[in-house]
There are 2 protein chains.
Amino acid sequence: MLQLQDLPDTKILNKFAHRYPDANIEHVLHFLTLLRVGSDLSDVLDRFLTGYGLLQGRWWVLILLMREQDLMSTPSSLAEKAGVSRATMTGLIDGLDKEGLIMRVTDVNDRRKLQIKLTSTGQAKLDEVMPEYYRRVSELMSVLSSEQSESLISSLTKLQNNSDVFK
Amino acid sequence: MLQLQDLPDTKILNKFAHRYPDANIEHVLHFLTLLRVGSDLSDVLDRFLTGYGLLQGRWWVLILLMREQDLMSTPSSLAEKAGVSRATMTGLIDGLDKEGLIMRVTDVNDRRKLQIKLTSTGQAKLDEVMPEYYRRVSELMSVLSSEQSESLISSLTKLQNNSDVFK
DNA sequence: ACTTATTAGTTAGCTAGCTAATTAGTTTGC
DNA sequence: GCAAACTAATTAGCTAGCTAACTAATAAGT
């Protein structure tokens, strides 16, 4: 996602407000701030994961596999849980496969299916990343009091539930 | 950005908490919620823009150009303001050029430089999109009271300022 | 003035997302 | 029991981001 570095100043907002009189400047600034903080945090997470040779997409796949009792799942199921298309999941699995973090196992009962299994290398990678990830998330979030956090989540949820105004 | 559809449930969190005892479950859930709402809203905006043949990257470029007095700027300056690499900006400009929404004009004083100019077609495209965009942003944000908005922005700013814990 | 450093833009090759089309295997319905 | 419908995964080709390397032009230093 693109992050607009240069949020508009008053002069610019006035130019736009003149041409587009229905604009609610406050609302727009708040909206842009939310998009930007989300994208900044996502970038920061990506940079953190890059230090371990991972990126968000591949990392989520490893986590989803670790959630499973037998450390296995199918590409379709992973795609659905991760919220990406099956085509994208094929690509993520390709990358993880090349690095030996997962393996493809063909399903004996239904030969259309694959089982994707977390390898011990993959588990070791998670064991390396996760403690540090949790430590940093805690440190990040601890600038908010629990009241502030609750209020933040409540506002975010309201916005998310209202997001179909854009459809 | 990938959006994890399947936020972890208690059973899963316990499995992870057992293996990684330092995890602060609350903090992680809040962090993931923030990432996900940001990415959802970004997607919703993309889908809206797709209806006009645009996407966020290209749309921001048009807006940045419209901000300029003479509707012109250089690729480097646009890249910096948009927060993308110059290579990415080259790609965005290629796309906009093909559709006639901007034009490349070589600088007579410094022949390394280009000026990118919003065409009248580009301005017309913005005039088509912006009023509806502003209307929908207002509608989206109006679910929050002004106190809630202020609190949201304040919390987001705190998190953003604290995001270097990840570096 | 001429070498060196800097700046501007592009290109190449990578990741990661998408849709649409394809291939292969399984189910269903008559 | 075979054709049609469906499901699973992949492939192809697109957008949009990145870094690194390259070309060309200008600026700076001696």
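Residues numbered from 1 in each chain as written. Chains lettered and ligands numbered in written order. Predicted model: local features only at pLDDT ≥ 70, side-chain atom pairs only at ≥ 80, totals over all residues. Heavy atoms only, no water.

Chemist: Just give me the short version of the relation of the copies chain A and chain B, but keep the residues and values in it.
Modeler: Rotating chain A by 180 degrees and moving it 0.0 Å along the rotation axis overlays it on chain B with an RMSD of 0.1 Å. A rotation of that kind, with that shift, is consistent with a two-fold axis. Among all residues of chain A, the one whose C-alpha sits closest to the rotation axis is Gly 38 of chain A, at a distance of 2.4 Å. Taken together, the interface assignments show that 100% of the residues at the interface of chain A recur at the interface of chain B, consistent with an identical surface on both copies. (Least-squares fit on C-alpha atoms with pLDDT ≥ 70 in both. Contact = heavy atoms within 4.5 Å.)

Chemist: So what's going on with the protein's contact with DNA strand D? Residues and values would help.
Modeler: Around DNA strand D, 24 residues are found, and the nearest of them are Ser 76 of chain A together with Leu 55, Arg 58, Ser 85 and Thr 88 of chain B. Leu 114 of chain A places a polar main-chain atom, nitrogen or oxygen, 3.0 Å from a phosphate oxygen of DNA strand D. At 3.1 Å, a backbone N or O of Arg 111 of chain B approaches a phosphate oxygen of DNA strand D. Secondary-structure elements contributing two or more residues to the surface near DNA strand D are α4 (75-82) and α5 (86-98) of chain A together with α3 (56-67) and α5 (86-98) of chain B. Across the surface near DNA strand D, the residue classes break down as eight nonpolar, eight polar and eight charged. (Near = heavy atom within 4 Å. Polar contact = N/O pair within 3.5 Å; in protein donor to acceptor, adjacent residues only side chain to side chain. Helix = DSSP H or I, 4+ residues; strand = E, 2+ residues; numbered from the N terminus. Nonpolar A, V, L, I, M, F, W, Y, C, P; charged D, E, K, R; others polar.)

Chemist: Account for the protein's contact with DNA strand C, with residues named and values stated.
Modeler: Taken together, 24 residues lie near DNA strand C, and Leu 55, Arg 58, Ser 85 and Thr 88 of chain A together with Ser 76 of chain B sit nearest. Counting only atoms of DNA strand C within 4 Å of the protein, the fraction found in sugar and phosphate groups is 71%. Take Arg 104 of chain B: an N or O atom from its side chain is 3.1 Å from a phosphate oxygen of DNA strand C. Within the side chain of Arg 112 of chain B, an N or O atom sits 3.0 Å from a base oxygen of DNA strand C. Breaking the surface near DNA strand C down by element, the ones donating at least two residues are α3 (56-67) and α5 of chain A together with α4 (75-82) and α5 of chain B. For the surface near DNA strand C, a count of residues per class yields eight nonpolar, eight polar and eight charged.

Chemist: So, α4 of chain A: which residues are in play, and what are the values?
Modeler: Residues and elements named next belong to chain A. All of the buried residues along α4 are Leu 78, Ala 79 and Ala 82. Down the axis of α4, the sector holding all buried residues measures 100 degrees, keeping them to one side. Looking at the buried positions of α4, the neighbouring elements they touch are α3, β1 (72-73), α5 and β3 (114-118). One or two steps after α4, the chain reaches Gly 83, where phi turns positive at roughly 75 degrees. (Buried < 20%, exposed > 50% of the residue type's maximum accessible area, 1.4 Å probe, protein only. Arc of directions from axis to C-beta.)

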